[in-house]
2 protein chains.
Amino acid sequence: MMLTVARSIGSLSTRAPRGRVFPVEPAAWLESVRTRGAAANYQGMDGRAAEVLSTHATAHPLSDGALERALRERREFVERAFDDIEPTIERLAHEAIHERGYGKAFEAIASRWGVDLRASASGGALPTFHWARPLPWGEVYAHCVLATFAQLARELKSPAGLADVDGEPAEVVVKRFGFHAIDITPCADGRLAGLTEHILRIPPSVITARRSYAGAMFDVDEAIAAFRAVEVERLRQALANGAAPASTRFLKVGAYHFSGSQPRHEGCAAHGSDDHRAMRALLERLEALRGAIESLHDTRIAILLVGVDTDDDSIRVHVPDAQGMVSIERYVSSADLRHVTRPLPREAGKLLIRDRVAACAGTSVDDRATEGMRWLCGYLLKNNIGQIEAVHQAFGGRYPDLGHAERLIVAGDPIDEVQLRNLAFQTQFSTLEEGARDIQVGIGLLGHSHAARGLAVPVLATARFDARLPGARERAAERALRHAAAIGERHANASGPSLVVRAATVDGEGRIEFVTPASLRGLEGSVNQGHHA
Amino acid sequence: MMLTVARSIGSLSTRAPRGRVFPVEPAAWLESVRTRGAAANYQGMDGRAAEVLSTHATAHPLSDGALERALRERREFVERAFDDIEPTIERLAHEAIHERGYGKAFEAIASRWGVDLRASASGGALPTFHWARPLPWGEVYAHCVLATFAQLARELKSPAGLADVDGEPAEVVVKRFGFHAIDITPCADGRLAGLTEHILRIPPSVITARRSYAGAMFDVDEAIAAFRAVEVERLRQALANGAAPASTRFLKVGAYHFSGSQPRHEGCAAHGSDDHRAMRALLERLEALRGAIESLHDTRIAILLVGVDTDDDSIRVHVPDAQGMVSIERYVSSADLRHVTRPLPREAGKLLIRDRVAACAGTSVDDRATEGMRWLCGYLLKNNIGQIEAVHQAFGGRYPDLGHAERLIVAGDPIDEVQLRNLAFQTQFSTLEEGARDIQVGIGLLGHSHAARGLAVPVLATARFDARLPGARERAAERALRHAAAIGERHANASGPSLVVRAATVDGEGRIEFVTPASLRGLEGSVNQGHHA
């Protein structure tokens, strides 16, 4: 079993790429974008970009010009990196026919994406060209997507503008407003893949945990474990300082999604595209977690329910009331706020948001007890107005791809360094069957669009590790390889080109590295023999 | 998918059984055992019992007569309950042929095991008798095994003698000697299924967690989570009391196993029946856990490595040295201690154990720093001498079934209420693939012996829940049903009788209950539709 995998994923070299993943040097490309202006880049997509841009030429007073620009450039840069792969591989395939050989193509792929296809050929020799037996170019494509994703994850950083709130570090402000940890669970749907950076615009420094599940249906036991990881350190520090721990709280945010324009078809599939069912199920789970932690540790956590309209990334924030109770009926809509604050000066707009949030909570604007949560809700709503503006500027009223259009599947642990809508279908494992089912769903969704284009679905099995822990990297590698192997078992295609191309990576705080069974010294024996009693 | 499961596992009624699982009333049966004497019961097994008993007629000075008796009676009672099933079902099958109908058999099975087979027939009608189409009696057998196991888990209690150490509650003594929690990981092998109660004789009150893994290869992240669960409460209480937490430690025990007589064949399959590999791998993992907790929380836990010889349940305790370091070469053997302490008075025997343990640790017998760990090692060694004595008395030098002879598979969470060697192949899930592989191994092992006897392999998918937590029971039921369904998918037999019979239970602190998809109100919809994004 592992030998098959070795052959299959051995084709990704683990050495540093000779060339770059990117079509052009990032700096040069960004410069050219700046020179030509952003609108020009999107003119071609549906012809509406410039028109929309002209009608909304005046920036919304609550949007942050520098941050908008940085996020847009990042998005365009990432999209370009992926968009470029298919035509390039197609061109190389045509050239190989002309050349009657693969030498140039292999060289180009190795230098551009760092993918060494010779490693997969026996003895490192180039396969012999034959017009009737072409290379499985669809698999080559998938390897290049995986390499691109990994390299972007390594190299891209969050825009600096995210990290600040009015000139102060966001984590300081968030803590002052009463939260020592924010743990976010979105749905695994690729349309939420830009949740923290683009939609909510929370910097990574503020988020202690982020795991996606189909339908945002997180496992309560795992969420309790995430709470305890934070809590042990908090209590230990308080004891070390000889002081009571601060009265700040752990906040669990759950994000469901829906489609404003096609509620019955483009909502959350896990909940039958029924947004009432999606929010009710998620709220129940958030309340179950709060109840569990209260019963087990006599500690009250804060919960927050957020809904995302995947048409235009606008959000609903279900502001908790003075008792911390959340209602599915009671929320503030960022889309509404965007309209009503447009004509107002910036400060007046912020005051209006503050009033709407307090009204939703049913408290006065200077109620001390609810101040922290109300501030946080207002912060998310204001941030999101910038995102809706960005979507409107780039695509008109809503995204052209309302449904799924993910480019790869990320399975195992989350990779959040490359945040972008519809980039990756991310599925985190909690149980034997949930994991298998989510991957099945992902392969079904991507397989449809990929097979039509002759492409294999790229699947990245990844495992995070804490570099401080002895042996953690090796254990993560073993886990990622096991996941990759299991995905292979279910989706192996006995004859013909593979429908799925897998790779395994380990992730030491953003340092994504590819691993192969051969790269695990001393582990092969136990993996090959299987761990059985 | 779930509908198939519903049909298949719906045949176990969830109502209380009309009759009893046990062949006779427990009290009456135990009384009869007492009257006839224990040896008589085992005379028939290989003819050696009485002979052995007579040569070892003098009890070992370190064994505890009352506890030995209680444990032996429990063991015999459990064995009798299971041994009785196959001949009874066979007799009922013969009677059905005579009667040309199933009425009496169904009545007998319902009244004796609480298994209502009519529930699985359409409309509750009895299947029509036909000589050439017999009932799948091998499946009926498996249902009765599952019902028996669940009822024993509900009704059996640990013998009272376990809970005390020289008249004091064991948990008080263990804490005084420096341990506030003991977390044990044995191998999933059924021959270790009696580890805590029979082999080490630690009462449940002392054990905070026990999870089995193939090869005892526990997941470090899960073990960290188990540590944190205990640590949060300990720190919280210290803060509430305004005092520093006590200097007691968290102890992680790992138990590997080997076969003294057939080391190359009857050792741990996960480690290629190589005891050096088994201990080295487990020690590495224990050290990785200690290192991880030290790095993450600046707290040092204690680790202990124990080896079990599955021939006769004797143990090796790898006593840590003054620095807490464990060596695979350095251990005290209970088999040796049993011999050398036999001629000594009880107190002298205990002193000898104390000396041997101190010598192994490389410390003096009154070294304060290592006193707690040395006491614990001596406690386990002394307890185990009683167990070796019990094995010798019942079976001569060693068990007649050196290899696997499990009666069922328990998958998901552990069920430790019924502790007995070779009773259940227990496999706890941690990851997608480990779980699947372990179950596969278990079904392979049991399938072999069961198929030869025309019996289906009973598999119990079970999920624990904390009754204090809102919704926890429903979530556990959903989890157990999902596991049962997944096992079914892999082992469904399209035509002919099933090779595997599955049931799902939830376990609220020892209150085992069967669940069926129908018993989960409101959940069917989401289960049938699949949770996908």
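Above this text you will find the structure in question.
Residues numbered from 1 in each chain as written. Chains lettered and ligands numbered in written order. Predicted model: local features only at pLDDT ≥ 70, side-chain atom pairs only at ≥ 80, totals over all residues.

Participant: An account of the sheet that holds strand β11 (residues 457-465) of chain B is requested, with residue identities and associated values reported.
Facilitator: Residue and element names in this part refer to chain B. Strands sit in the order β10-β9-β11-β12-β13 across an open sheet of five strands; the sheet is mixed. If you trace the sheet from one side to the other, it starts and ends with β10 (424-428) and β13 (511-515), each paired once. Each neighbouring strand pair of the sheet contributes to a mean axis angle of 30 degrees, computed without reference to strand direction. By the bridge criterion, five bridges tie strand β12 (residues 500-508) to β13 in an arrangement that is antiparallel. Paired with V506 across the strands is E513, a residue of β13. (Pairing = 2+ DSSP bridges. Helix = DSSP H or I, 4+ residues; strand = E, 2+ residues; numbered from the N terminus. Axes fitted to C-alpha atoms, helices over the stretch in contact; angles between N-to-C directions.)

Participant: I'd like a rundown of the nonpolar core, residues and numbers included.
Facilitator: I409(A) and I409(B) are the most contacted members of the largest nonpolar core, which totals 270 residues. Of the residues that make up this core, three or more belong to each of domain 1 (169-395) and domain 2 (403-529) of chain B. With residues up to four places along the chain from it excluded, the contact list for I409(A) reads A424(A), F425(A), T427(A), I439(A), G442(A), I443(A), L446(A), V457(A), V459(A) and L460(A). (Core = buried A, V, L, I, M, F, W, Y, C linked by C-beta atoms within 7 Å. Buried ≥ 20, exposed ≤ 12 C-beta atoms within 10 Å, placed from the backbone. Domains from an automatic or database assignment. Contact = placed C-beta atoms within 7 Å.)

Participant: Any details on the sheet that holds strand β3 (residues 179-186) of chain B? Residues and values, ideally.
Facilitator: Strand pairing in a sheet relies on backbone hydrogen bonds, with the paired strands running either antiparallel or parallel. Residue and element names in this part refer to chain B. The six strands are arranged β4-β3-β5-β6-β7-β8 in an open sheet whose pairing can be described as mixed. Where the open sheet ends on each side, the last strands, each with one partner, are β4 (207-210) and β8 (332-333). One ladder, built from seven bridges, connects β3 with strand β5 (residues 249-258); its direction is parallel. Its bridge partner being in β5, T185 is matched across the sheet by G254. Against the sheet, helix α12 (residues 275-297) contacts β5 and β6 (302-309), and its axis sits at roughly 165 degrees relative to β5.

Participant: Let's hear about the packing of helix α11 (residues 220-241) of chain A against helix α12 (residues 275-297) of chain A: which residues, and what values?
Facilitator: All names here are of chain A. Across the interface, α11 lies against α12 with an axial gap of 10 Å and an inter-helix angle of 55 degrees. One way to sum up the angle between α11 and α12 is to call them oblique. Seen from above, α11 lies across α12 with right-handed handedness. Residue-level contacts link V220, A223, I224 and F227 of α11 to R285, A288, L289, A292, I293 and L296 of α12. When grouped by side-chain class, the residues that make up the contact of α11 with α12 number nine nonpolar, no polar and one charged. (Parallel < 35°, antiparallel > 145°, perpendicular 65-115°, else oblique. Left-handed = near helix turned anticlockwise from the far one by under 90°. Nonpolar A, V, L, I, M, F, W, Y, C, P; charged D, E, K, R; others polar.)

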